[in-house]
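Residue strings, one per chain:
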Amino acid sequence: MALKNYNPTQTETWKKLTDHFEVSKNLNLKELFRTDANRKENFSVTVNDLEVDFSKNRITKETLDLLVELANEVELKDAIEKYFTGETINVTEGRAVLHTALRSTSEEPVLVDGKDIKPKVQTALRKIRAFSNKVISGKWKGYSGKSITDVVNIGIGGSDLGPDMIVEGLKFYKNKLNTHFVSNVDGDHVSEVLKKLNPETTLFVIVSKTFTTQETISNANTIKNWFLKSGSIFDVAKHFVAVSTNLDAVYDFGIDKNNVFPMWNWVGGRFSLWSAVGLSISLAVGFDNFRELLNGAEEMDIHFRTTEFDENIPVILALLSVWYNNFYGAETEAILPYTQYLSKLPDYLQQAVMESNGKGIDRDGNEITYQTGTIVWGSTGTNMQHAFMQLVHQGTKLIPTDFIGFKESLHGLEDHHNKLMANYNAQMEALAFGKTKEEVHLELKASGNMEKINSLLPYKVFSGNRPSNGILFDKLTPSSLGKLVSLYEHKIFVQGIIWNIYSYDQFGVELGKELAKKFLKK
Ligand code: F6P
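These numbers come from a predicted model, not from an experiment. (Residues numbered from 1 in each chain as written. Predicted model: local features only at pLDDT ≥ 70, side-chain atom pairs only at ≥ 80, totals over all residues. Heavy atoms only, no water.)

For the rest of this paragraph, the subject is the nonpolar core. In terms of nonpolar packing, the biggest core is built from 121 residues, with Trp 266, Leu 293 and Phe 493 touching the most fellow members. Ranked by residue count, the leading element in this core is helix α14 (residues 313–328), at 12 residues. Per-domain counts for this core show at least three residues from each of domain 1 (8–94 + 307–423 + 474–509) and domain 2 (111–289). With 21 residues, the next largest nonpolar core counts Val 182, Leu 197, Ile 223 and Val 260 among its residues. (Core = buried A, V, L, I, M, F, W, Y, C linked by side-chain atoms within 4.5 Å. Buried < 20%, exposed > 50% of the residue type's maximum accessible area, 1.4 Å probe, protein only. Helix = DSSP H or I, 4+ residues; strand = E, 2+ residues; numbered from the N terminus. Domains from an automatic or database assignment.)

If you want it as structure tokens, here you go:
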């Protein structure tokens, strides 16, 4: 059965939300906290090592109840079951959407075209483990008999951003292999990466679901030509492996059929890091850590699939985002990780969120007249505090923000970590509660700056009332990172369901590709 089809703005609950917005749009966070001593506890959800505090949002219990009612009215529960059980919810491409099956450890079969896909997933995982162990242990030899020291992932979009973000995110757990990423068709990118490499000790992982992507194939050919200046054509098999569905093209390239890792059309590129697309992750941090990443993601999958909506983290974050996007007219959301390790998370989420929900046609083929996909952007704390946070604090735009923090520091520099987390908390507090005229007045007075009070006062006021979520883990581990990514994947899903769009195709990237081919011929 297909996903339910409707115009969300015509639902009963949307009308109630519109009325509710009119009476509650001037809600003030300071006031909400003043009148509810337990607001933080009342608007927080904790699941093992993760605590999500959404109390600093412009909502009341009634808002949350209405948003949950909207989720129920659009039959979200039923859609979630379709998503997890392999129904063809990617209708425009005629595919199931089963990245959740890649990390599932349950015995429950998942059928695609009548066949259980779980055994295939397990076989692929065993192959990833065996291959990673061989390379990491040094048993895998290059053409001159030396072990591998460097791994280069050649791919773009979903075949690059996820693995790159996770390898960077889990750098603390890395082994002796150095991992590099080549994605851009700009020859300067590949040239810079090759400068650092020795062909005798480098392994290239070509990741391309289609094995036709211009950027990836151009980079792979350039790298092969570079390699052939020292190695022979018979050595290619020892230095190039592939992750793809297009086996003929992979074999034509010269890759040994034993060194091809599978991809499946029921896994979208931007959700594929859990598959063999994540081979460079398993190589960089070892298979056990890769498995932990999957386990963390599965933990979030189970939470999402089984928890009531008013306690369900991805559902709550998705609904809050709809609240700001569609009622407050907020167009962007900022993702602000307070760890340098997650510097690539905003880039990764830009593809995941914007390629998925940047759609203007609904599931019935109609042009959409309401707002859909948000623009996401961000950077790491505290660097961004010295960059764009001025606008978030005092600008004219409402920008809901996700602050992502970790209680424990990996390197144990307590002084640094205390300062980092003090800033994490301070930013959310400043956004929510601001600084009043009276407070600024007193401050200026206390500093003895009497003559400047009138001229400076308005500039020093913080209106506050700016929403944020605090997403706080105990520690950055493979498991917690898996959980975090899975959380955002499900948020994307929920929003796509509510907005009545197809989140899993990406036709919007095609026209540019076609035209580039024409320009290239010219
Ligand atoms: O950007 C479009 C896109 O199709 C992405 O969805 C995908 O992740 C990327 O290109 C790479 O595709 P492939 O893995 O087939 O090379």
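A few words now on the packing of helix α5 (residues 76–84) against helix α13 (residues 287–306). Between α5 and α13, the shortest axis-to-axis distance is 10 Å and the interhelical angle comes to 145°. In this structure, α5 contributes Lys 77, Ile 80, Glu 81, Tyr 83 and Phe 84 to the contact, and α13 contributes Asp 301, Phe 304 and Arg 305. Residue classes in the contact of α5 with α13 are distributed as four nonpolar, no polar and four charged. (Axes fitted to C-alpha atoms, helices over the stretch in contact; angles between N-to-C directions. Contact = heavy atoms within 4.5 Å. Nonpolar A, V, L, I, M, F, W, Y, C, P; charged D, E, K, R; others polar.)

Quick look at the side chain of Ser 159 now. For Ser 159, the position within the fold is in the loop between β5 (150–154) and α7 (161–169). If we skip the residues at most four places from it in the chain, Ser 159 touches Asn 153, Val 207, Ser 208, Lys 209 and Val 277.

Below, the discussion takes up the UniProt feature "active site" (unreviewed entry) in the chain. Under the local residue numbering, the UniProt record ascribes the feature "active site" (unreviewed entry) to Glu 355, His 386 and Lys 513. Over a stretch of 159 residues, the named residues are scattered through the fold, their C-alpha atoms separated by up to 37.1 Å. From the list above, the largest pocket is lined by Glu 355 and Lys 513. Assignment of secondary structure puts His 386 in the loop between β11 (375–378) and α16 (389–394). As for its placement among the helices and strands, Lys 513 is situated in helix α21 (residues 510–521). (UniProt positions renumbered as here; feature names shortened; annotations may be inferred. 1 Å grid on protein atoms, 1.4 Å probe; cavity = no way out; pocket = protein on both sides within 12 Å on 5 of 7 lines; lining within 4 Å.)

Further remarks concern the sheet that holds strand β9 (residues 260–262). Strands sit in the order β6-β5-β7-β8-β9 across an open sheet of five strands; the sheet is parallel. Strands with a single pairing partner mark the edges of an open sheet, and in this sheet they are β6 (178–182) and β9. For this sheet, the mean angle separating the axes of adjacent strands, direction not counted, is 20°. For β5 and β6, the ladder comprises five bridges, and the chain directions are parallel. Each residue of the ladder has a partner; that of Val 151, found in β6, is Thr 179. Its contacts with the sheet place helix α8 (residues 187–195) against β5, β6 and β7 (202–207), and it is angled at close to 165° to β6. (Pairing = 2+ DSSP bridges.)

The next thing to look at is the packing of aromatic side chains. Enumeration over the complete set of coordinates arrives at 32 aromatic pairs. Here Phe 84 and Phe 304 contribute two aromatic rings whose centre-to-centre distance is 6.2 Å and whose plane-to-plane angle is 40°, an arrangement assigned as tilted. Residue Phe 84 is found in helix α5, and its partner Phe 304 is found in helix α13; the two are separated by 220 residues along the sequence. The exposure classification of Phe 84 matches that of Phe 304, with both residues buried. With 4.7 Å between their ring centres and 70° between their planes, Trp 377 and Phe 388 make a pair best called edge-to-face. Note that Trp 377 is positioned in strand β11 and Phe 388 in the loop between β11 and α16, a separation of 11 residues in sequence. Among the aromatic side chains, those forming a connected cluster through ring pairs are Tyr 143, Phe 204, Phe 211, Trp 226, Phe 227, Phe 240 and Phe 253. Against the face of Phe 253 rests Lys 224, its NZ or CZ located 4.2 Å from the ring centre. (Phe/Tyr/Trp six-rings, centres within 6.5 Å; stacked < 30°, edge-to-face > 60°. Lys NZ or Arg CZ within 6 Å of the ring centre and 35° of its normal.)

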